[in-house]
Amino acid sequence: MSYLRFEKAVMTNLEESLRRELLRTNQSGAYSCSTLADCNTRKYHGLLVVPVPELDDENHVLLSSLDVTVIQHGAEFNLGLHKYQGNNYSPKGHKYIREFDCDKVPTTLYRVGGVLLRKEVVFQHHEDRILLRYTLVDAHSATTLRFRPFLAFRSVRQFTHENSTASREYHLIDNGIKTCMYCGYPDLYMQFSKKNEFVFQPDWYRGVEYPKEQERGYASNEDLYVPGYFEMPIKKGETIVFAASTSSIRTSGLKKLFDYEVEKRSPRDNFFHCLVNAAHQFYNEKGNERYFLSGYPWFKSRARDTFVSLPGLTLAIDEQDKFELVMKTAEKALREFMEDKPLTVNIYEMEQPDVLLWAVWAIQQYRKAAGAEKFIAMYGKLLQDIIRYIIEGKHPNLRLDDNGLLYSNGRDRAVTWMNSTANGRPVVPRTGYIVEFNALWYNALKFCAAIAAEAGKEGAVKSLEERAELCKTSFVDTFLNEYGYLLDYVDGNMMDWSVRPNMIFAVAFDYSPLNQDQKKSVLDVCTRELLTPKGLRSLSPKSGGYNPMYVGAQTQRDYAYHQGTAWPWLGGFYMEACLKLYKRTRLRFIERQMVGYEDEMNYHALGTISELFDGNPPFHGRGGMSFAMNVAEILRTLKLLEKYTYQK
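It should be emphasised that the depicted structure is a prediction, and the values quoted were computed from it without experimental measurement.

Engineer: Whenever I open this one, the pairing of strand 13 (residues 143–155) confuses me. Can you help?
Structural biologist: The two faces of the sheet receive side chains in turn, since in a regular strand these alternate between them. Counting buried positions along strand 13 yields 12 of 13 residues, so the element is predominantly enclosed. Examined bridge by bridge, strand 5 (residues 59–72) and strand 13 share 10 bridges and lie antiparallel to one another. If you follow L66 over to strand 13, its bridge partner there is P149. Pairing geometry for strand 13 and strand 18 (residues 221–234), over six bridges, is antiparallel. Of the residues in strand 18, the one forming a bridge with F147 is F230.

Given below as structure tokens:
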């Protein structure tokens with residue numbers, strides 16, 4: 001039985017099927033996404049969603065959906081599903097779904113009387129082309145298929161409505177048509193592997209509604225343009241491949257292309273393989289540059305997320321070459337930033353003060369996988385330059401004080417991963433000596449000292465060790481309180497006593513300024529007050545302002561974003577801290593924690609992990625449907641589990 005498989009009872013129950021989403025990407029910025037029942041519930045959903053750099057930096061929905069109608073003896077059975085205003089669903093094609101599975105490619109089986117029709121979907125690698133294969137598995141009489149495309153031609157952040165500007169013009173091409181609704185957009189090519197008849201029957205379908213946008217307090221309805229429909233007969237056992245793309249293709253090769261793309265897919269037959277598949281979806285090629293997107297559907301490539309995610313998305317799945325490719329692009333951005341030059345690569349938020357520190361941590365993980373010699377050749381100079389840049393005080397918002405700690409101003413602008421804002425100001429204004437910044441700094445100094453010692457550079461070792469010792473003493477004096485946990489940040493007389501998860505890094509990193517008893521005390525507090533089955537809460541229920549439910553309008557969600565919601569990537573560092581402190585005695589405990597993440601494989605977005613979760617039961621997944629840091633840290637935890645399991 002397939003790992004990701006759903007029977008008719010689930011697929012025909014809209015409360016179940018519409019909350020489960022399915023994502024496919026081409027690893028070059030384009031994606032296809034909808035719910036299991038093929039009913040779009042977000043404005044970000046679409047069958048073909050592509051970047052249009054000539055217009056802006058956003059993705060754009062070209063083809064929203066494709067309705068398929070089975071025709072026998074003049075009777076029509078539409079397999080499509082749309083939600084319209086007034087809580088109306090039409091044409092309710094979900095009732096014909098017999099089963100769905102996603103072992104290698106998403107496959108839906110429909111039954112209409114004696115007709116059994118199978119639909120499979122793949123997104124062609126590195127091409128803006130979605131492929132759908134329809135196979136008539138069984139039929140007892142002549143059968144015709146009718147395909148009706150719903151077009152949007154809009155940004156994922158906007159809606160389209162009926163208008164007189166939209167072009168109705170189309171051109172017949174090889175087994176299909178090409179059309180473009182608005183100037184500046186690329187042509188949309190819709191082609192079949194089989195000769196067909198296109199019937200021009202232009203119309204607007206009005207009042208299509210997206211319930212996910214309603215939940216988030218946004219506008220939620222639009223009109224979609226249908227230029228007409230394609231129609232063709234199909235015989236029992238026959239397959240037809242449909243392609244939607246921004247470029248033309250030779251239709252005689254569509255069936256072979258579909259087979260080729262299927263062969264390239266890795267199966268999603270267990271927890272690990274699902275996460276590997278999800279990791280590959282974040283990978284993004286643009287010309288000679290390689291990135292990791294921070295998530296789907298609305299995220300770009302962000303600097304901090306890149307470095308936190310990089311080890312888990314590459315090294316943890318034995319893809320060292322991919323680490324090097326992404327790091328090559330990221331290093332270019334790092335050097336341009338440190339040299340105060342305009343960035344020429346599309347990585348955002350490079351100016352955030354902890355980005356350089358996370359880059360050092362990522363490089364540190366690379367050394368464990370690649371060995372000392374290759375590490376020095378690849379990143380030795382970069383490591384030196386980052387440390388020197390920080391020590392010399394060149395960063396615009398990262399100051400090294402005489403006490404050995406790093407200071408950053410976050411009063412008016414969010415400078416940490418807790419970056420939600422309301423009315424232009426940080427919801428959590430973390431400022432001054434920030435706990436994870438200085439845990440990262442101590443770890444970086446000790447790591448660099450160890451590298452210098454291996455190279456026999458005694459002067460550098462002495463200098464770095466002195467700085468590390470000063471940082472260690474000040475770290476404990478500044479952050480450790482009498483209750484056994486770490487203050488979140490300290491700025492002069494301002495001390496944040498909130499119990500937050502950022503202290504876990506001081507326990508999880510290879511080099512910690514805390515002794516064993518202090519580490520255990522911090523870990524115990526995290527376990528008692530922050531641990532959930534979906535990661536660590538961003539704030540303890542015992543702390544003021546606890547708000548664990550990420551629901552409601554934008555402002556309401558902004559105030560809840562880091563005030564009690566649970567984050568799986570923080571859980572990854574928590575589990576690493578457990579294993580470092582307690583070794584094999586905590587293996588079973590960590591394995592039980594992983595069950596909470598495996599449950600997500602078939603609950604929200606199939607085979608991946610949502611951006612964040614409510615901090616209270618039932619810990620519902622929220623935000624983006626797939627988040628790189630979460631997937632990365634769970635993969636890295638699985639690698640650590642393997643290491644400790646077989647450790648003698």
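Engineer: In this structure, what is going on with the environment of T555? I would like to understand it.
Structural biologist: The residue T555 is located in helix 14 (residues 554–560) in this model. Between the C-alpha atoms of T555 and Q384, which are 171 residues apart in sequence, the distance is 42 Å.

Engineer: Is there a simple way to think about the sheet that holds strand 19 (residues 239–245) in this case?
Structural biologist: Through backbone hydrogen bonds, the strands of a sheet pair up, either in parallel or in antiparallel fashion. Taken in spatial order, the nine strands of this open sheet run 1-9-10-11-12-19-16-15-14, and their pairing is antiparallel. Two strands lie at the open edges of the sheet, namely strand 1 (5–7) and strand 14 (170–173), each paired on one side alone. Going across the sheet, the axis of each strand differs from the next one's by a mean of 15 degrees, ignoring polarity. Relative to the sheet, helix 4 (residues 254–264) contacts strand 11 (115–123), strand 12 (129–138), strand 16 (188–192) and strand 19, its axis offset from that of strand 12 by approximately 100 degrees.

Engineer: Would you mind going over the pairing of strand 5 with me for this structure?
Structural biologist: Within strand 5, 14 of the 14 residues are buried, which leaves it mostly tucked inside the rest of the structure. In the sheet, strand 4 (residues 46–51) pairs with strand 5 via four bridges, with the strands oriented antiparallel. By the bridge assignment for strand 5, V50 is matched with H60. Judged from the four bridges that link them, strand 5 and strand 6 (residues 75–78) form a sheet pairing that is antiparallel. Paired with I71 across the bridge in strand 6 is E76. Between the antiparallel neighbours strand 5 and strand 6 lie two residues, among them H73 with a positive phi of about 55 degrees.

Engineer: Explain the packing of aromatic side chains here, please?
Structural biologist: Two descriptors summarise a pair of aromatic rings, namely the distance from one centre to the other and the angle between the planes of the rings. Summed over all chains, the structure comprises 44 aromatic pairs. A centroid spacing of 5.8 Å and a plane angle of 40 degrees characterise the contact between W298 and F299, whose relative ring orientation is tilted. For W298, a relative accessible area of 16% puts it in the buried group. Summarising the aromatic geometry, the rings of Y407 and Y433 are spaced 5.6 Å apart at their centres and angled 90 degrees between planes, so their arrangement reads as edge-to-face. Of this pair, Y407 sits in strand 24 (residues 406–407) while Y433 sits in strand 27 (residues 433–434); the two residues are 26 residues apart in sequence, bridging distant segments of the chain. On the basis of relative accessible area, Y407 is assigned to the buried category, the value being 13%. Judged by its relative accessible area of 14%, Y433 falls in the buried class. Directly above the aromatic system of Y229 lies the positively charged group of R146, at a separation of 4.5 Å from the ring centroid.

About the criteria used
Residues numbered from 1 in each chain as written. Predicted model: local features only at pLDDT ≥ 70, side-chain atom pairs only at ≥ 80, totals over all residues. Heavy atoms only, no water. Buried < 20%, exposed > 50% of the residue type's maximum accessible area, 1.4 Å probe, protein only. Helix = DSSP H or I, 4+ residues; strand = E, 2+ residues; numbered from the N terminus. Pairing = 2+ DSSP bridges. Axes fitted to C-alpha atoms, helices over the stretch in contact; angles between N-to-C directions. Contact = heavy atoms within 4.5 Å. Phe/Tyr/Trp six-rings, centres within 6.5 Å; stacked < 30°, edge-to-face > 60°. Lys NZ or Arg CZ within 6 Å of the ring centre and 35° of its normal.

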